[in-house]
Amino acid sequence: MKIAIIGSGSAGMTAAYNLIDKDVTVDMFEKGNGLESRNRNEVMEGFGGAGAYSDGKLTLTTEYGGWLTDYMPERELEELIKEADDMWKSVSGVLDLSSGADYEATKNLQYECSKHGLRLYPAKIRHLGTDNCLLFIERLYEMIKKAENINLFCNANVTDLIVENDTVKGIELNINGISEKRYYDKVIAGVGRSGNAWMQDMVRKYSIKNDLNPVDIGVRVEVPRAITDKFTNNLYEFKIKYYTSEFEDEVRTFCVNPGGFISIEKNTGGLLTVNGHSYKNRHSDNTNFALLVSTKFTEPFDEPLKYGRYIANLSNMLAGGDNVIVQRYGDFVRGRRSTESRIRKNFVRPTLNALPGDLSFVLPYRYLHNLRETIEQLDKVMPGMADPNTLMYGVEVKFYSVRIKVDKHMRAESLENLYCTGDGAGLTRGIIQASVSGLIAAKDILQSK
Ligand SMILES: Cc1cc2nc3c(=O)[nH]c(=O)nc-3n(C[C@H](O)[C@H](O)[C@H](O)COP(=O)(O)OP(=O)(O)OC[C@H]3O[C@@H](n4cnc5c(N)ncnc54)[C@H](O)[C@@H]3O)c2cc1C
C-alpha cells in the first residue's frame, strides 16, 4: 500500500513514526526546508512544522490543545494522548512532568479561582523546552531518513489533490520548480496553520464538508515571575477560563511561560503577531502568557481568519510595519500611549524590544473591555496582575483553519482515502492533539490493510 503524508509537523511526524518498518510505502512531503537548512526564522515551515522551535510544552489533557473530544469518548482520547506522549518521551528523553503532581495544592487553587468566577483546569504538562524540542525533531528526522519504507522529500510543495469520483487518487506537487503527479492509496494531510490557505482551496475545489472554527484575539501579558509563582510552581501552566460580565465572552489564558521570553511570530504574508516561549535551561525574571478572547462568527460574515488578520495588520501598521506593540497596563487603563521613556522607567523589564504604543487604536471596545475585566479578576488570585507596570503586547491572534468534517479515524467525510489531521484541518491547536490525530490516521491505515 502506498501512502502520502503532506506536512512534517507534529501530525505528519507522528503518522510517519508509527508507519516506520510497517508493511507500507510512505512518501512524506514537506514544503519547507529539511533540518540541515532550516533556520530559526522559519517558524511555521520546514521539517518539524510549527512546533520545531516552540516551547515544546506537551499538554497532556483532553480539555486543551484541540477538539478531538468531539470525535471520541474522553477515555479513549486519554489513552491516545498517553500513546503519543510515549513517543515524545522516548525520542526526546525528557521523562519528568513539569506539573500536575500535587493534587491537594491544585484543588486549593481551583477553589480560590472559583470564588472569583475563574475556572482553573488542572493539566499534566511535559515541558521539553525549546532546546529539547529541537533535539526530539533532530532524532526523529534521522529515524525517518533511515527508515527503509519512508522517503522524505523536503522543499516539496503539494499543490493539489488528484480526485476522481469523490476519491483521492494522489497528489500534484512541485519539487525544485518541477511539477509532477503521484498516485497513492491513501493520503494523510497534516498541513498545519501555514497550510490554511491550501486547505481552504481544497475545501472549495472539492466541496469538502467543513464547519467554522472561532478566531481567538488578545494580548500577551508579561509580569514579574513572583506574581504567578503560587500557580506556576505547582501547575507550571495555569489554564484559566473566565466569562466576562458585560459581554459574556469566553476569555482564556494560554501558553504560560514562567521565566520565559516574548517573541514575534511571522505569519503567512509577513503578518506579525505576538507569542512567547521559554527554555529549559535559560530563564528571565518574568512570566508571560496569552489572554485570548474567543469569537465565533455566524452570518453573513463567516471569515474569522480574515477578521483576525485585519486586526493584526492594524497593529503592525501602527507599530511601523515591522514590529508589534507593547503597552503598560497603567497606560492602557488611563487611555494613553506608552512611550520609550515610560517603558524605560517601568518596573517590569520587557523581554522583547516591541514598539511602545496604544492598543486601544487596534482592538475593538469589546476586546479591550474583556481583557481589562479578566486582568482585574486574575489580580484577585494573583495579586499584582493589574499593577500599572504589567506589560501587554499586541496582538496575539490564534488562527484556526476551517474544521474539516472527519470521522473518528480522521477520514474526511466527503472524500474517500483522505485523512485530515492536525491544526491544518482545524481539529487541533497544540502539539499533543496534533500528534494524536496523526497517530489515529496511521493506526487506521494499518488496520484497514
Ligand atoms: C511559536 C509557536 C510556539 C508554539 N508552542 C507550542 C507549545 O509549547 N505547545 C503546544 O502544544 N503547541 C505549541 N504551538 C502550536 C503547535 O506548534 C501546533 O499546534 C502543532 O505544530 C500543529 O502540528 P501540525 O502537524 O498540525 O502542523 P504544523 O506543525 O504547522 O506542520 C505543518 C507542516 O506542513 C507543511 N506544509 C503546509 N502545507 C504544505 C503543502 N502544501 N505541501 C507540503 N507541506 C506543507 C508546513 O511547512 C509545516 O511544516 C506553538 C506554535 C508556534 C507557532
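Residues numbered from 1 in each chain as written. Predicted model: local features only at pLDDT ≥ 70, side-chain atom pairs only at ≥ 80, totals over all residues. Heavy atoms only, no water.

The name given to the chain in an unreviewed UniProt entry is FAD dependent oxidoreductase, with Denitrovibrio acetiphilus as the source organism.

Glancing now at the overall build of the chain. Counting its regular elements, the chain contains 11 helices and 22 strands. With the principal axes as the frame, the chain shows a C-alpha extent of 65 × 45 × 40 Å. A total of 449 residues make up the chain; the buried ones form 59% of that total. Considering only intrachain contacts with a sequence separation of at least 6, the fraction spanning at least 24 residues in the chain is 74%. Taken as a whole, the chain presents about 18400 Å² of accessible surface, with 47% of it coming from carbon and sulfur. Of the side chains in the chain, 56 bear a positive and 60 a negative charge, and the two mean positions are spaced by 3 Å. (Helix = DSSP H or I, 4+ residues; strand = E, 2+ residues; numbered from the N terminus. Buried < 20%, exposed > 50% of the residue type's maximum accessible area, 1.4 Å probe, protein only. Contact = heavy atoms within 4.5 Å. Areas by Shrake-Rupley, 256 points an atom, 1.4 Å probe, with all protein chains shown as cover. Lys, Arg positive; Asp, Glu negative; His and termini not counted. Charge placed at Lys NZ, Arg CZ, Asp CG, Glu CD.)

Let us look at the site of the ligand. Looking at the ligand, there are 36 residues lining it, with E30, A50, K57, D423 and I431 nearest. In this structure, an oxygen atom belonging to the ligand sits 2.6 Å away from a side-chain N or O atom of E30. Taking V158, its main chain carries an N or O atom lying 2.9 Å from a nitrogen atom of the ligand. Taking 1000 Å² as the accessible area of the ligand by itself, protein coverage stands at 95%. (Near = heavy atom within 4 Å. Polar contact = N/O pair within 3.5 Å; in protein donor to acceptor, adjacent residues only side chain to side chain.)

Our focus in this paragraph is the sheet that holds strand β9 (residues 178-183). In a beta sheet, neighbouring strands are held together by backbone hydrogen bonds and run either parallel or antiparallel to one another. Strands sit in the order β7-β8-β9 across an open sheet of 3 strands; the sheet is antiparallel. The sheet terminates laterally at β7 (156-164) and β9, the two strands that pair on one side only. Neighbour to neighbour, the strand axes of the sheet diverge by 25° on average, direction disregarded. As judged from the 6 bridges shared by strand β8 (residues 167-175) and β9, these two strands associate in the antiparallel manner. Within β9, the position partnered with G170 by the bridge is Y183. (Pairing = 2+ DSSP bridges. Axes fitted to C-alpha atoms, helices over the stretch in contact; angles between N-to-C directions.)

Another aspect to go through is the domain arrangement of the chain. Along its sequence, the chain is carved into domain 1 (2-99 + 129-211 + 403-447) and domain 2 (215-398). The straight-line distance from the C-alpha centre of domain 1 to that of domain 2 is 29 Å. The interface of domain 1 with domain 2 comprises 17 residues on the first partner and 22 residues on the second. Of all residues in domain 1, the largest losses of buried area upon contact with domain 2 belong to K57, Y64 and R429, amounting jointly to 32% of the total for that side. Where domain 1 touches domain 2, the interface holds 3 salt bridges. One salt bridge in this structure joins K57 and E237, with 3.9 Å as the shortest N-O distance. Put simply, domain 1 and domain 2 have 4 residue pairs in polar contact (both at pLDDT 80 or more) between them. For the side of domain 1 that touches domain 2, the secondary structure elements donating two or more residues are β3 (57-59), α4 (129-146) and α5 (196-206). (Domains from an automatic or database assignment. Buried area = accessible area lost by both parts, 1.4 Å probe. Salt bridge = Lys/Arg side-chain N within 4 Å of Asp/Glu carboxyl O.)

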